[in-house]
Amino acid sequence: MSSGAAFHLPPAFPERAAWGTASKLRAWQQAALDRYLAADQRDFLAVATPGAGKTTYALRVATDLLSRRIVQRVTVVAPTEHLKTQWADAAARVGISLDPRFSNSVGRHSEDYHGVAVTYAQVASKPGLHRELTTTRPTLVILDEIHHGGDSKSWGDGIREAFEPATRRLALTGTPFRSDSSPIPFVRYELDTALGSTAGLVSSSDYTYGYAEALRDGVVRPVLFLAYGGTMRWRTRMGDEVSASLGEPMTKDAVAQAWRTALDPKGEWIAAVLAAADTRLTEVRRGVPDAGGLVIASNQAQARAYAARLRALTCEPPSVVLSDDADASARIEAFAAGTARWMVAVRMVSEGVDVPRLAVGVYATSTSTPLYFAQAVGRFVRARRRGETASVFLPSVPVVLDHAARLEDERDHVLGRPPDPQEAAAMWAQEQSLLDEADRQAPAVGLDEGAFEALESKAQFDHVLFDKQQWGLHADVGSEDEQEYLGLPGLLEPDQVESLLRERQRKQARRAPREADPAPVAAHRALAAKRKELNKLVSAYARQKGYPHANVHLDLRRVCGGPDLAAATSDQVVARIETIRAWLVGRR
């Protein structure tokens, strides 16, 4: 595209609309565009939840700047090779030609293009080249998922050198910023005076559109998180066998080993969770016939093993997407355009990859960072019509459940913020109470010795997490209770989801199993079983309310009377069980 060529906005390009379509901007996109035009500034940071449509918004900004000849060139910087092509395809639909195959070694592109789509790594390897291209014409740089500018010093330094002379820079992100002290180029930081003596510099966005707002507007789907725990057994390098229940309080090392045992492809836990997820997908497809599922694996070996299990389960080969495969991007595109049930991937399907029909996910990876979790869940929230829901199956691991509960939180990138002493003390006290309880109930043996061998894993349905609230009690895999949660309709408004979950939980609590004419059991075994049941209910309630376990036990003692759990009688433990069951169904 020659430098003298004028850019004409296609007549059918989006207009304002409360609900976006192929020919209209969503209301938030129009509002963000209005804010951008009014600001008329060189740098602009737009934060919008995954699935909200940041690409459409950014390209609308680009068409405006090109048509008014404020810029004559567009450079898009994306995190991955696949996203370069995705950006180029999206730009082509609005009349902007981007070259996604631009090569640093060639150093130039055809005049048929308005600009290029490159990766952060590509810019960092030759920042001088990209700086030269930026200075040849007035350039708009779109920095997709700008937080990657802080992934490494070379990436940050590279984009700073390359795009410092740009006429305009539009930064986009949909996931939490890193929380370290490395400033991200072209992001404005301000002093957070609300923190008083602990004040630090926080990133300041020019427009923010969060998950809660997008859910309210029907732009994204509500997410049901279905958590599965169960009993895990493994052998340490020293030959000791360890058994623990996923989802119950335990040490950090024990959690890690139990988590790895659950994800072992040979175990029963992953088999049961994949089967449950497929059952859920079948239910969703009753209302959304092309709905698809995605299993996110830790590594390629596990991805292939999970795919084999799904093939045996469904009699349909899933699409396996591995980063080493030359046709990985083509496989994602084919799956997105088709109606196949399942795709299994390691890291290829992450932020920005657009597969709108994904409705059911299995988080079968041991990656635990909030950024990666947000990216993963972002693959399922893009709504195509009102009433669609997303379902993501999780291991009952505290850090993962915490990420799920905080899905709606806004997180700024904080620079140099010292810890708040009171907050740190409260967090330490809570963590210490959990560790103390874990050490009493399931001490970790030999977990610091490194290697281990997964021996056995059994899954148990724990609960559904929806809108920061926990619903449901523990249920056996394959039980009527589990099937009722898996069988929630796939087309529901958020208030209908909550209403159905509340009804199912009450029904489950009313029919909690009580043995008729049980066989005689030693008193000590019966009391131990009741204490275990109480601890499970306390754990569920503590997760639901965000309370320390110790505080819940204290509340139960205040209400029901009696001594500490270790000295409580069988009748006293039963009274506490009945009380906390009532609390779990909202009678408090």
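Please read these numbers as outputs of a predicted model, since none were measured by experiment. (Residues numbered from 1 in each chain as written. Predicted model: local features only at pLDDT ≥ 70, side-chain atom pairs only at ≥ 80, totals over all residues. Heavy atoms only, no water.)

J.: Any chance you could explain the overall build of the chain here in plain terms?
T.: Helix and strand content of the chain: 19 helices and 22 strands. Here the chain holds 588 residues, and 52% of them are scored as buried. For the chain, the proportion of contacts with a sequence separation of at least 24, taken over those separated by at least 6, is 74%. (Helix = DSSP H or I, 4+ residues; strand = E, 2+ residues; numbered from the N terminus. Buried < 20%, exposed > 50% of the residue type's maximum accessible area, 1.4 Å probe, protein only. Contact = heavy atoms within 4.5 Å.)

J.: Would you take a moment to explain the sheet that holds strand 7 (residues 139–143) for this structure?
T.: Paired through their backbone hydrogen bonds, the strands of a sheet run either parallel or antiparallel. An order of 5-6-4-7-8-3-11 is seen for the 7 strands of this open sheet, with the pairing classed as parallel. Sheet topology places strand 5 (98–99) and strand 11 (207–209) at the edges, where each strand pairs with a single neighbour. Bridge count for strand 3 (residues 43–48) against strand 8 (residues 168–173) is 5 bridges, and the pairing is parallel. In the sheet register, Leu45 faces strand 8, and the bridge partner there is Ala171. (Pairing = 2+ DSSP bridges.)

J.: How should I be thinking about the packing of aromatic side chains in this particular structure?
T.: Think of a pair of aromatic rings as described by two things: how far the centres are apart, and how the planes are tilted against each other in angle. Enumeration over the complete set of coordinates arrives at 13 aromatic pairs. Taken together, the ring pairs connect Trp28, Tyr57, Tyr207 and Tyr209 into an aromatic cluster. Over the aromatic face of Phe335 sits the side chain of Arg357, whose NZ or CZ is 4.1 Å from the ring centroid. (Phe/Tyr/Trp six-rings, centres within 6.5 Å; stacked < 30°, edge-to-face > 60°. Lys NZ or Arg CZ within 6 Å of the ring centre and 35° of its normal.)

J.: Is there a simple way to explain the nonpolar core in this structure?
T.: With 123 residues, the main nonpolar core has Tyr57, Tyr228, Trp269 and Phe393 as its most contacted residues. Other than its neighbours up to four places away in sequence, Phe393 contacts Leu226, Tyr228, Val273, Ala276, Ala277, Arg280, Val360, Gly361, Val362, Tyr363 and Leu486. Formed by 22 residues, the second largest nonpolar core is a distinct cluster that contains Val47, Phe102, Ile146 and Val187. (Core = buried A, V, L, I, M, F, W, Y, C linked by side-chain atoms within 4.5 Å.)

J.: Where do I start with the pairing of strand 12 (residues 223–236) in this structure?
T.: The side chains of a regular strand alternate between the sheet's two faces. For strand 12, a buried count of 11 out of 14 residues is recorded, marking the element as mostly surrounded by other parts of the structure. In this sheet, strand 18 (residues 390–395) lies alongside strand 12 in parallel orientation, the contact comprising 6 bridges. By the bridge assignment, Ala227 is partnered in strand 18 with Leu394. Across 12 bridges, the pairing between strand 12 and strand 20 (residues 452–466) is antiparallel. Residue pairing in the sheet places Thr236 in a bridge with Phe452 of strand 20.

J.: Help me understand the side chain of Ser457 in this model?
T.: Tracing the chain through its elements places Ser457 in strand 20. Note on Ser457: relative accessible area 2%, which makes it buried. Polar contacts involving the side chain of Ser457 include one to the main-chain amide nitrogen of Trp269, which spans 3.1 Å. (Polar contact = N/O pair within 3.5 Å; in protein donor to acceptor, adjacent residues only side chain to side chain.)

J.: Where do I start with the side chain of Asp206 in this structure?
T.: The topology assignment puts Asp206 in the loop between strand 10 (201–203) and strand 11. Here Gln41 takes part through its side chain, which lies 3.0 Å from a polar atom of the side chain of Asp206. Those residues in contact with Asp206, other than ones at most four positions away along the chain, are Arg35, Gln41, Asp43, Phe44, Leu45 and Arg188.

J.: Explain the confidence of the model for the chain to me, please; I cannot follow it from the model alone.
T.: Regions with low pLDDT should not have their predicted coordinates read in detail. Across the chain, the average pLDDT comes to 81, with 81% of residues at 70 or higher. For the chain, the element scoring lowest by mean pLDDT is strand 1 (residues 15–17), at 38; strand 7 scores highest, at 97. Predicted confidence is poor over residues 8–22, with pLDDT under 50, and the contacts of this stretch with residues over four places away or in other chains come to 35 contacts. Segment residues 417–450: pLDDT under 50, and 44 contacts once partners within four positions in sequence are set aside and those in other chains are kept. (pLDDT = per-residue confidence, 0-100.)

J.: Just checking my understanding: could you explain the packing of helix 1 (residues 27–39) against helix 2 (residues 54–67) for this structure?
T.: Any two packed helices are characterised by how steeply their axes cross, that is the angle between the axes, and by the distance between the axes. Orientation of helix 1 relative to helix 2, taken along the N-to-C sense of each, is 40°, at an axis distance of 10 Å. Accordingly, the angle class assigned to the pair helix 1 and helix 2 is oblique. As helix 1 packs across helix 2, the resulting crossing turns out to be right-handed. Here Trp28, Gln29, Ala32, Leu33, Tyr36 and Leu37 of helix 1 come into contact with helix 2, specifically with Lys54, Thr56, Tyr57, Arg60, Val61, Asp64 and Leu65. Its residues placed into classes, the contact of helix 1 with helix 2 shows 8 nonpolar, 2 polar and 3 charged. (Axes fitted to C-alpha atoms, helices over the stretch in contact; angles between N-to-C directions. Parallel < 35°, antiparallel > 145°, perpendicular 65-115°, else oblique. Left-handed = near helix turned anticlockwise from the far one by under 90°. Nonpolar A, V, L, I, M, F, W, Y, C, P; charged D, E, K, R; others polar.)

J.: Just checking my understanding: could you explain the pairing of strand 7 for this structure?
T.: Burial of strand 7 is extensive: 5 of the 5 residues sit out of reach of the surface. As paired strands, strand 4 (residues 73–78) and strand 7 are joined by 5 bridges and run parallel to one another. Counterpart to Val76 in the pairing with strand 7 is Ile142.

J.: How should helix 19 (residues 570–584) be read in this particular structure?
T.: In an α-helix, one turn spans 3.6 residues; hence positions three or four apart end up facing the same way. Over its 15 residues, helix 19 extends 21 Å from the first C-alpha to the last, a length consistent with the 21 Å expected when each residue adds 1.5 Å. Among the residues of helix 19, those classed as buried are Val573, Arg576, Ile577, Thr579, Ile580, Arg581, Ala582, Trp583 and Leu584. (Expected span 1.5 Å × (residues − 1).)

J.: Teacher, can you tell me more about the pattern of salt bridges here?
T.: As a working rule, side chains carrying opposite charge can pair if their charged atoms are close by. This model, assessed by the stated rule, comprises 26 salt bridges. With its nearest N and O atoms 2.7 Å apart, the salt bridge here joins Arg137 to Glu111. Separated by 26 residues along the polypeptide, Arg137 in the loop between helix 5 (127–136) and strand 7 and Glu111 in the loop between strand 5 and strand 6 (115–119) bring together distant segments of the chain. Since its relative accessible area comes to 14%, Arg137 is described here as buried. With a closest N to O distance of 3.5 Å, Glu388 and Arg384 form a salt bridge. One network of salt bridges, with partners in common, ties together Arg233, Arg235, Glu241, Glu453, Glu456 and Lys458. (Salt bridge = Lys/Arg side-chain N within 4 Å of Asp/Glu carboxyl O.)

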